[in-house]
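Listed below are the residues making up each chain.
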Amino acid sequence: MSVLEVKNLSLTLDGKKILDNLSLEFWEGYIHAVVGPNGAGKSSLASTIMGLNGYHNFDGDILFKGNSLKQVSIDERAKFGLTLSWQEPARFEGLSVSDFILASAKQKNKEIAENALNTVGLEPASYLFRSVDKTLSGGERKKIELASIMVMEPVIAMMDEPDSGIDIASIEKIFEVIKILKKRGTTIILITHSLAVLDQADHAFLICRGQLQDKGSVEKISQYFKSVCEPCDHKNKPDGTIQSIDKQNSDIFQVDKGEKDE
Amino acid sequence: MNNDYATARDLYQQTDSDADVLTDPEIAHLIVNHDKVLGMHGVPGLNIKTEQIEQGLNIEIDLESQHKINKPVHLCFGMLPERGTQRIEMKVNIGDNSSIAILAHCVFPRAIKVKHIMNAEILIGENAVYSYQEKHVHSDSGGVEVIPKAKIVVGKNSRFSTEFVLLKGRVGIIDVDYAAEGLEYSVIDMNARISGLQDDVIKINEQAYLNGEHSTAVLTSKIAVRDRARAQINNKIVASAPYARGHVDCKEIVQDQGVANAVPIVEVAHPKAHVTHEAAIGSVDNKQLETLMSRGISEDEAVEMIIQGLLSK
Ligand SMILES: Nc1ncnc2c1ncn2[C@@H]1O[C@H](COP(=O)(O)OP(=O)(O)O)[C@@H](O)[C@H]1O
Ligand SMILES: [Mg+2]
């Protein structure tokens, strides 16, 4: 059953079509990946699903357990169990790691925050009372954000580029967290342009220039991404046509209709 | 005296601090309600003298040389009545090689129209440390007016730090005016963290004159204005000695119809001195807000968390 459904979603920002008639179904309990090259529209999709400022003027719909999220504020979406970890996490001057994590916790006790920090690979004693500010590295903030998502026990966690800013040694830790979340019943949406992250998923969507190009098994999408997207040098210009596509893939590839006629 | 002691405890309870400090023989204290001393206790090396004046008190605090006071000295300036003016004329003298930390509570919990005026002259000797933490408890009526003025001279190798925090209640009107002069190798560190609501007015005027070689100053203001509150921050550092270093830091969060204004002035009158400033005024950062909201925190709560974070140390 799909817990989240994106239906014919089109989003235009500053006169530029960012998402183009996207339809995606996210089945409950799965790890989904949304892959695509830089500029494909992945973060915009996540922002629209979360209901962030500036992402409200879209066509189509977003359904959470069958109900439209159109008139639902960010915090209400979060209360339904939908959350997002940012590609580049925010900094909070003077807000302690402990307060930040517990703010999203279902059960507000210290052990919960400590356990979450341990799980993401940060020593609680040295982090709990630091501020979530510029004195933490991007990778540390990313892990702390992940900890705050764990304690929230979300229904759906979208993770935008979960490996960005994370050192190689810690990537496995992040992947472990993803597996723990899945085990606890969270549906995960990994937003990524990395094949290593894609590998963690059970199922994947490939988007390019705001359009769905393909979906299916990780093996299939991974193969496609490697052979078509990585060598492709088009710059995701909405008015350009995709030239470097291997034509034998055209049956699974919706050839660019071009926005010229819009 | 019993009655006074009860009043003193009443004042202290308002600050959420432990009233036991009033009975600890190692902790010096001075408790004032309006123009009356309710309690006073000294420790060796520290001499406190008071004299009643019209609507207030003259207070002389004298710390002899070579004395380090280990436990913070508690001062409490209260105005328990709903109306009135309290005028404190304070002279502080810190001897060489001495150190002291003062925790001053200003408590006006029932104020409808209360004015608290403080004029301080602070002289800090050499190799000395003077830290002054001022914590306010106001009523929620907005009827408090606080006007502290201080002139400070920070001696060679000495350190002056001050912090102004509103613990409870509404600002009303706060109009701070501090000017400090720093001699060789001295450190000046002034901090204000205040959040204004409704039609509160926050005015901060802090000046540091770095006249000694290698003297330093940091002026920090973290202010939030919500509703129709207004803030005007004029912080100035003048550096006129070699290797003098200064930094003015002003962060203001503006919500609703609040208005904030910051004028950092830096003046350098020696080629080997260096002063920097940063001022950031704006609404609560959208990404911070949306991050907290995406964890299920309401917009109002998220704004409060972000502001409390900014105002905390
Ligand atoms: N607010 C905006 N206004 C105009 N264009 C935008 C805006 N935000 C993103 N874009 C553009 O939308 C496209 C998709 O961006 P994004 O969703 O960040 O891609 P991805 O996350 O896949 O790298 C890019 O071309 C980007 O420049
Ligand atoms: Mg992105």
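Just above, that's the structure.
Residues numbered from 1 in each chain as written. Chains lettered and ligands numbered in written order. Predicted model: local features only at pLDDT ≥ 70, side-chain atom pairs only at ≥ 80, totals over all residues. Heavy atoms only, no water.

S.K.: So what exactly am I meant to see when it comes to the overall build of chain A here?
M.R.: Secondary structure assignment for chain A yields nine helices and ten strands. Within chain A, the fraction of its 262 residues that count as buried is 57%. When contacts within chain A are restricted to residue pairs at least 6 apart in sequence, those whose partners lie at least 24 apart make up 67%. As presented, chain A carries roughly 11,700 Å² of accessible surface, and 47% of it is formed by carbon and sulfur atoms. (Helix = DSSP H or I, 4+ residues; strand = E, 2+ residues; numbered from the N terminus. Buried < 20%, exposed > 50% of the residue type's maximum accessible area, 1.4 Å probe, protein only. Contact = heavy atoms within 4.5 Å. Areas by Shrake-Rupley, 256 points an atom, 1.4 Å probe, with all protein chains shown as cover.)

S.K.: Teacher, can you tell me more about the coordination of the magnesium ion (ligand 2) here?
M.R.: Around a metal, the idealised angle for a tetrahedral arrangement of four donor atoms is 109.5 degrees; for an octahedral arrangement of six donor atoms it is 90 or 180 degrees. At 2.1 to 2.5 Å from the magnesium ion (ligand 2) lie its protein donor atoms, namely Ser43 of chain A (OG) and Gln87 of chain A (OE1). With serine 43 of chain A in helix α1 (residues 42-50) and glutamine 87 of chain A in the loop between β6 (82-85) and α3 (97-104), the pair connects residues that are 44 residues apart, well separated along the chain. (Donors = N, O, S within 2.8 Å, 3.2 Å for Na, K, Ca; no water.)

S.K.: Explanation requested: the side chain of serine 10 of chain A in the structure shown.
M.R.: Residues and elements named next belong to chain A. In this fold, serine 10 is placed in strand β1 (residues 2-13). With a relative accessible area of 12%, serine 10 lands in the buried category. Engagement of the side chain of serine 10 in a polar contact is seen with the backbone nitrogen of asparagine 21, the distance being 2.8 Å. Leave out the neighbours within four places in its chain, and serine 10 touches Lys17, Leu19, Asp20, Asn21, Phe58 and Asp59. (Polar contact = N/O pair within 3.5 Å; in protein donor to acceptor, adjacent residues only side chain to side chain.)

S.K.: I'm lost on the packing of helix α4 (residues 110-120) of chain A against helix α7 (residues 168-183) of chain A in this one. Help?
M.R.: All names here are of chain A. In the contact formed by α4 and α7, the axes pass within 8 Å of each other and the chain directions differ by 130°. On the basis of their axis angle, the class for α4 and α7 is oblique. Along the contact surface, α4 presents Asn118, Thr119 and Val120, while α7 presents Lys173, Val177 and Ile180. Looking at the contact of α4 with α7, its residues break down into three nonpolar, two polar and one charged. (Axes fitted to C-alpha atoms, helices over the stretch in contact; angles between N-to-C directions. Parallel < 35°, antiparallel > 145°, perpendicular 65-115°, else oblique. Nonpolar A, V, L, I, M, F, W, Y, C, P; charged D, E, K, R; others polar.)

S.K.: Would you take a moment to explain helix α3 (residues 299-311) of chain B for this structure?
M.R.: Residue pairs spaced three or four apart in an α-helix point in one direction, given the helix's 3.6 residues per turn. With 13 residues, α3 of chain B should reach 18 Å at 1.5 Å per residue; the first-to-last C-alpha distance of 18 Å fits that figure. Buried residues in α3 of chain B make contact with α3 of chain A together with β13 (187-196), β15 (216-225), β17 (245-254) and α2 (286-293) of chain B. (Expected span 1.5 Å × (residues − 1).)

S.K.: I tried to follow the interface of chain B and chain A on my own but got confused; where do I start?
M.R.: How big an interface is tends to be stated in terms of the accessible area lost upon association of its parts. Of the residues lining the interface, 21 residues belong to chain B; the matching set on chain A comes to 28 residues. Here chain B and chain A share an interface that buries about 1,900 Å² over both sides, 58% of which is from carbon and sulfur atoms. Linking chain B to chain A there are three salt bridges. As a salt-bridge pair, glutamate 93 of chain A and lysine 222 of chain B come within 2.7 Å of each other at their nearest N and O atoms. At the level of secondary structure, the elements contributing two or more residues to the side of chain B that touches chain A comprise α2 and α3 of chain B. No other element matches α2 of chain B, which puts seven residues into the side of chain B that touches chain A. Along the lines of polarity and charge, the residues of the side of chain B that touches chain A split into six nonpolar, eight polar and seven charged. (Buried area = accessible area lost by both parts, 1.4 Å probe. Salt bridge = Lys/Arg side-chain N within 4 Å of Asp/Glu carboxyl O.)

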